[in-house]
Amino acid sequence: MTRMIARSRSEAHRSATSLELLFDLCFVVAVAQANTRLVHALVEGHPGTGVVGYLAVFYAIWWAWMNFTWFASAYDTDDALYRVVTLVQITGVLVLAAGVPRAFDEGDFTIAVAGYVVMRLALTSQWLRAAHSDAEPRARRVARRYATGVTLCQLGWIAMLALPEAARVCAFVVLVLAELSVPVVAERDLALAWHPHHIAERYGLFTLIVLGETVSGATVAVQEALDDHDATARLLPLAAGGLLIVFTAWWLYFAVPIHTYLVSNRQGFLWGYGHFVVFASAAAIGAGMEVAVEETAGEAHVSERAAAAAVTVPAAAFLFVVWLLHSRHFKRTLAQQLTMPTGALAILLCTFAGPAAIPAAGVAAVLTLAAGSVLMRRGPEGS
């Protein structure tokens, strides 16, 4: 069996493996389930429960994905045991995905929690293996802290299932905070040997996959509406606006070499944690497009403005958080810094544009991209 020791942060030609890509693709199954239930809740006029349920499920997806990604960046041995344990984690996310409808519709989180616990305890076994293999005492201590913290949190999730429904909300919040604190506590005196370029690539790939899921969901929604209704004139501008938003989201996310910014745990933690909003909002754009199509076809119990907001709110959140995490670190003038926040505000204001809301939001997104590109080319001297 290969010894699981930390890999070098400066390792050349470090890129995502085929196993990591399979891991991502299987996680998108859970994202698709969460999106489907969000669409159903919004179309039926239950935005509060839909959004809360979506964020809760997406937390489980994102956190399990993120923990595996950073661990793999530091300790991926790619031997048989490592692969088997990773496949067990993939099995866990599929169980989680299967439990999403029951969690949304009936408030029964048993299956979803079971899948989540499988993912997390499988990763715990990897941490224990690292603690056993690594020759560096501080690295072994960090691995043991991770294993202990993750295990205690899983016991908490299992115990939560036995609580009365009214107490589960508080328990959920406490357990989320406990999970989020594990890396901070575990790495308080030694940072994991994660690879900046590898981490940036892994996050970029998951962003691509989530945006792809958005396009797929919106396409199916438009197709179904066209099959049942003669609404081409109304749906084509809607689809065009949605595509412009997604294309702009892709362009802006990959416009900067973010791996050059990720030089320490301080940057890494803030950047990695902040991607909860990036991933969740990117996926929610697709759900919003489905809601907007349903409303246009007259099959949604929501207002025109609420349907538009289902697209413009996550799109604006995506632009703003990508600026906050990514772009602002590479901009040098006030005009450059204000471009994306202003664009996010413009997209949000498009909510009030009536039937033209989503096409207008698409145009606002493209204009944001164009303005940013011009200002970056002109540089500090011409701004």
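Structure: above.
Residues numbered from 1 in each chain as written. Predicted model: local features only at pLDDT ≥ 70, side-chain atom pairs only at ≥ 80, totals over all residues. Heavy atoms only, no water.

Considerations on the overall build of the protein
Here's step 1: A count of helices and strands for the protein gives 12 helices and 0 strands.
Here's step 2: Scanning the protein from its N terminus toward the C terminus, one meets helices and strands in the order α-α-α-α-α-α-α-α-α-α-α-α.
Here's step 3: Radius of gyration (C-alpha) of the protein: 22 Å, near the 21 Å computed for a compact globule of 383 residues.
Here's step 4: Seen through its C-alpha atoms, the protein measures out along the principal axes to roughly 65 × 60 × 35 Å.
Here's step 5: Split into buried and exposed, the 383 residues of the protein put 52% on the buried side.
Here's step 6: For the protein, restricting intrachain contacts to residue pairs at least 6 apart in sequence, the fraction spanning at least 24 positions comes to 82%.
Here's step 7: By element, 68% of the accessible surface of the protein is carried by carbon and sulfur atoms, the whole surface being about 16,400 Å². (Helix = DSSP H or I, 4+ residues; strand = E, 2+ residues; numbered from the N terminus. Rg over C-alpha atoms; globule rule 2.2 N^0.38 Å. Buried < 20%, exposed > 50% of the residue type's maximum accessible area, 1.4 Å probe, protein only. Contact = heavy atoms within 4.5 Å. Areas by Shrake-Rupley, 256 points an atom, 1.4 Å probe, with all protein chains shown as cover.)

With respect to empty space enclosed by the protein
Here's step 1: With the rule as written, the count across this model stands at 1 cavity of 30 Å³ or more.
Here's step 2: Considered as a void within the structure, the largest cavity measures approximately 160 Å³ in volume.
Here's step 3: In terms of lining residues, the largest cavity is bounded by 14 residues, among which Trp70, Tyr146, Pro183, Glu187 and Phe269 are the most central.
Here's step 4: Elements with a contribution of two residues or more to the lining of the largest cavity: helix H2 (47-75) and helix H9 (265-296).
Here's step 5: The class makeup of the residues in the lining of the largest cavity is 10 nonpolar, 3 polar and 1 charged. (1 Å grid on protein atoms, 1.4 Å probe; cavity = no way out; pocket = protein on both sides within 12 Å on 5 of 7 lines; lining within 4 Å. Points joined across faces, edges and corners; volume = space filled by probe spheres on them. Nonpolar A, V, L, I, M, F, W, Y, C, P; charged D, E, K, R; others polar.)

Here we look at the pattern of salt bridges
Here's step 1: Here the structure, examined in full by the defined rule, presents 8 salt bridges.
Here's step 2: Here Arg141 and Asp189 are joined by a salt bridge, their closest N and O atoms 3.9 Å apart. One end of the pair, Arg141, is in helix H5 (residues 137-160); the other, Asp189, is in the loop between helix H6 (165-186) and helix H7 (196-228), and 48 residues separate them in sequence.
Here's step 3: A residue is classified by how much of its surface remains accessible, and Asp189, at 35% relative accessible area, is partly exposed.
Here's step 4: Between Arg145 and Asp189 there is a salt bridge, with its nearest N and O atoms 3.0 Å apart. Of this pair, Arg145 sits in helix H5 while Asp189 sits in the loop between H6 and H7, and the two are 44 residues apart along the sequence.
Here's step 5: Among the ionic contacts, a cluster of salt bridges with common partners joins Glu20, Asp24 and Arg202. (Salt bridge = Lys/Arg side-chain N within 4 Å of Asp/Glu carboxyl O.)

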